[in-house]
Structures are given as structure tokens and as C-alpha cells.
Amino acid sequence: MKPSLSTLHRIAWMVFFTAVASTNTCFGQAAAVGTNPKPNNNNISVLLITGGCCHDYDFQSKSMQLAAKERGVPIDWTIVNEGGKGTKATIELYKNPKWFEGFDVVIHNECFADTDDPDYIRSITKPHFEGTNAVVIHCAMHTYRSAKTDDWREFLGVTSRRHDHQSRYPVTVAKIDHPIMKGFPADYKSAMDELYIIEKVWPNTTVLATSKSEKSNDEHAVFWTNQYGKGRVFGTTYGHSNETFSDKVFLETLVNGIKWAAGR
Ligand SMILES: [Zn+2]
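If you're wondering where the values come from, they're calculated on a predicted model, not measured in any experiment. Throughout, a residue's number is its position along its own chain's written sequence, starting from 1. Local features in a predicted model are, by the rule used here, given only for residues with pLDDT of at least 70; side-chain atom pairs are given and counted only at 80 or more, and totals for whole chains, interfaces and linings are based on all residues.

Caption draft 1: How the structure looks around helix α5 (residues 248–261). Comment: elements are numbered from the N terminus, with helices defined as DSSP H or I runs of at least four residues and strands as E runs of at least two. What a helix is expected to span follows from its residue count: subtract one and scale by 1.5 Å. With 14 residues, α5 should cover 20 Å at 1.5 Å per step; its first-to-last C-alpha distance of 20 Å lies within 8% of that length. Within α5, burial applies to F250, T253, L254, V255, N256, G257, I258, K259 and A261. Contacts are defined on C-beta atoms placed from the backbone: any two residues whose C-beta positions lie within 7 Å are in contact. On its buried face, α5 sits against β2 (44–52), α2 (57–70), β4 (105–111), β5 (133–137), β10 (219–228) and β11 (231–236). One or two positions beyond α5, positive phi appears at G263, with a value near 80 degrees. Whether a residue is buried, exposed or partly exposed follows from its count of other C-beta atoms within 10 Å of its own C-beta, namely 20 or more, 12 or fewer, or something in between, respectively; the C-beta atoms are built from the backbone.

Caption draft 2: Layout of the packing of α2 against α5. Under this scheme, a helix contributes an axis fitted over its contacting stretch, all axes are lines through C-alpha atoms, and angles between N-to-C directions fall in the 0 to 180 degree range. Their axes nearest at 10 Å, the elements α2 and α5 cross at an angle of 80 degrees. Here α2 is positioned roughly perpendicular relative to α5, judged by the angle of their axes. Note on element contacts: α5 touches α2 through L251, L254, V255 and I258, opposite S63, M64, A67 and A68. Put simply, Ala, Val, Leu, Ile, Met, Phe, Trp, Tyr, Cys and Pro go in the nonpolar bin, Asp, Glu, Lys and Arg in the charged bin, and everything else, Gly too, in the polar bin. Its residues assigned to classes, the contact of α2 with α5 comprises 7 nonpolar, 1 polar and no charged. Working definition: roughly parallel below 35 degrees, roughly antiparallel above 145 degrees, roughly perpendicular at 65 to 115 degrees, and oblique for all remaining angles.

Caption draft 3: Seen up close, α2. Look at α2: 20 Å from first C-alpha to last across 14 residues, which is about the 20 Å you get at 1.5 Å a residue. Considered for burial, the residues of α2 that qualify are Y57, Q60, S61, S63, M64, Q65, A67 and A68.

Caption draft 4: Broad picture of the pairing of β4. Across the 7 residues of β4, 7 count as buried, placing the element largely inside the fold. Where burial is concerned, the two faces of β4 agree: the one with V105, I107, N109 and C111 and the one with V106, H108 and E110 are both buried. Paired strands, in this sense, are two strands between which DSSP finds at least two bridges. Pairing of β2 with β4, which is carried by 7 bridges, proceeds in the parallel orientation. Each residue of the ladder has a partner; that of L47, found in β4, is V106. When β4 meets β5, the two strands line up parallel, connected through 4 bridges. If you follow V106 over to β5, its bridge partner there is A134. Regarding topology, helix α3 (residues 118–129) serves as the crossover connection from β4 to the parallel β5, and that connection is right-handed. By convention, orient the strands away from the viewer: a clockwise path from the first strand over the helix to the second makes the crossover right-handed.

Put into C-alpha cells, the structure is as follows:
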């Protein structure tokens with residue numbers, strides 16, 4: 001019997017993921033990060049920090065890498081996937097005072113809602129305030145949620161502490177001319193995903209698109225940019241499910257956001 005198309009598709013992805021795993025720099029320890037990994041090329045140097053509760057971070061990381069590659073965006077990836085699957089952990093990487101050095105963009109896709117040490121959190125936000133650009137995805141908005149200080153939330157550009165149920169949410173674009181939203185379909189609905197309730201949009205945030213709560217009818221930012229000190233931040237609250245990380249429009253917007261954050 002001939003293999004079905006979906007089988008071939010699965011095999012192609014497995015081959016790609018194996019290739020990605022063997023050719024990219026993935027650090028289990030922080031020791032090698034922060035020593036200026038930028039090679040002598042024009043690629044975007046990205047540090048992806050991921051791990052923690054509630055999501056399939058291996059799939060999401062590989063999906064992002066594949067999406068950039070398919071769109072011809074050259075990225076050198078460094079991936080730190082640490083902290084287990086719980087809601088409270090500290091990542092060794094951040095103990096290195098130069099953890100951010102050499103990266104054009106740091107992607108935060110980590111999810112530790114109960115980690116609340118303000119000094120630890122400031123060791124992450126300070127380099128961003130001083131000019132390290134960032135992309136923040138989904139549970140990054142609820143990580144450090146227990147913290148009494150607002151540093152992380154100001155860095156994100158939004159304050160959120162909870163989410164509505166999973167659904168396919170229509171997305172209304174507010175800034176169609178923004179390079180991140182260029183070509184975004186007018187009739188787009190998200191993949192099955194959670195709608196994060198945004199309590200506060202910080203003053204330096206530009207909302208790029210919103211979705212409406214099916215419970216309250218309130219509009220909530222789902223894609224935005226923020227200026228945090230000298231650092232550019234692109235954020236999205238979507239990104240819960242593997243279905244979202246297989247959605248072409250979501251991935252296109254995410255890749256656009258990485259490029260924008262990198263100043264490309
Ligand atoms: Zn989620």
C-alpha cells in the first residue's frame with residue numbers, strides 16, 4: 001500500500017526535526033550562553049527560552065524554527081528548555097549576568113506562574129530595558145504572575161492574570177499597515193486557543209489586533225508591540241495548542257514579529 005499524504009507529511013516533519021535537533025545549538029546548561037554566540041554572518045541570532053507548565057514546548061520550538069526556515073528568514077537558534085513542567089522554577093541561564101549578550105532577539109516562551117522573586121525577575125527585565133529586544137508568547141504573560149512587582153508586566157506591555165475558555169476566536173486587526181500584520185486575513189479565526197484577559201495595556205504598547213471574549217464581549221489585545229526602555233517587544237497571547245503552532249497565519253505573524261523585533 002502507498003503511504004498516505006498525511007503519513008508522508010509526518011515523515012517529512014520527523015526528518016526536519018531530526019535535522020534541526022542535530023544542527024542547532026541547544027544548551028541544557030547556561031554556561032555556554034552569554035559568550036557572544038553570534039557567528040560571522042547576517043543571520044538573526046535568537047535565544048529561545050522555554051519550559052514550564054501546560055504546553056508542548058518541544059513541538060512549539062521546532063514549529064517556530066521550521067516556520068522561519070520555510071519563509072526564508074535566516075536565524076541562528078539557541079534554545080534553553082529548562083525548568084521541568086511545573087509552575088515554579090528558576091532557570092540557571094539567568095544567573096549568568098551576561099545571559100543576553102550576542103542575541104538580536106530573546107523569545108520568552110516560559111511558563112512559571114508561581115516564581116515570584118523580584119530580584120530574579122529583574123535579572124531578566126533589566127537587559128531588556130537596556131536594549132535587548134524580545135518576543136513574548138502566550139504563557140510568558142502568566143509567568144511570574146505571583147510577583148508583587150510590576151517589572152515583568154511592564155516589560156510585556158500588558159497585564160494578564162487569567163484566560164477564557166478555548167475557542168476559535170475571530171481576530172480584528174487594528175494596525176493593518178504595521179509590518180507585523182501585513183497581509184493578515186480580514187476573516188481570520190484563531191486555531192483552538194485560550195483568550196487571555198488583558199487587565200491593563202501599558203502606555204508604550206501599540207495594540208495590533210484584538211479578539212472578543214465570548215463571555216463578556218470585551219475586546220482583548222492578542223498581538224501588540226511594546227517599547228520597554230530601549231528594547232523592542234512583540235507579543236501575542238495566542239500559542240496554547242499545537243494546533244496554533246501548526247496554523248500558517250499565526251506562524252507567519254510570529255516570524256514577522258521576530259523580524260520586527262530584530263529590526264529587520
Ligand atoms: Zn495555555
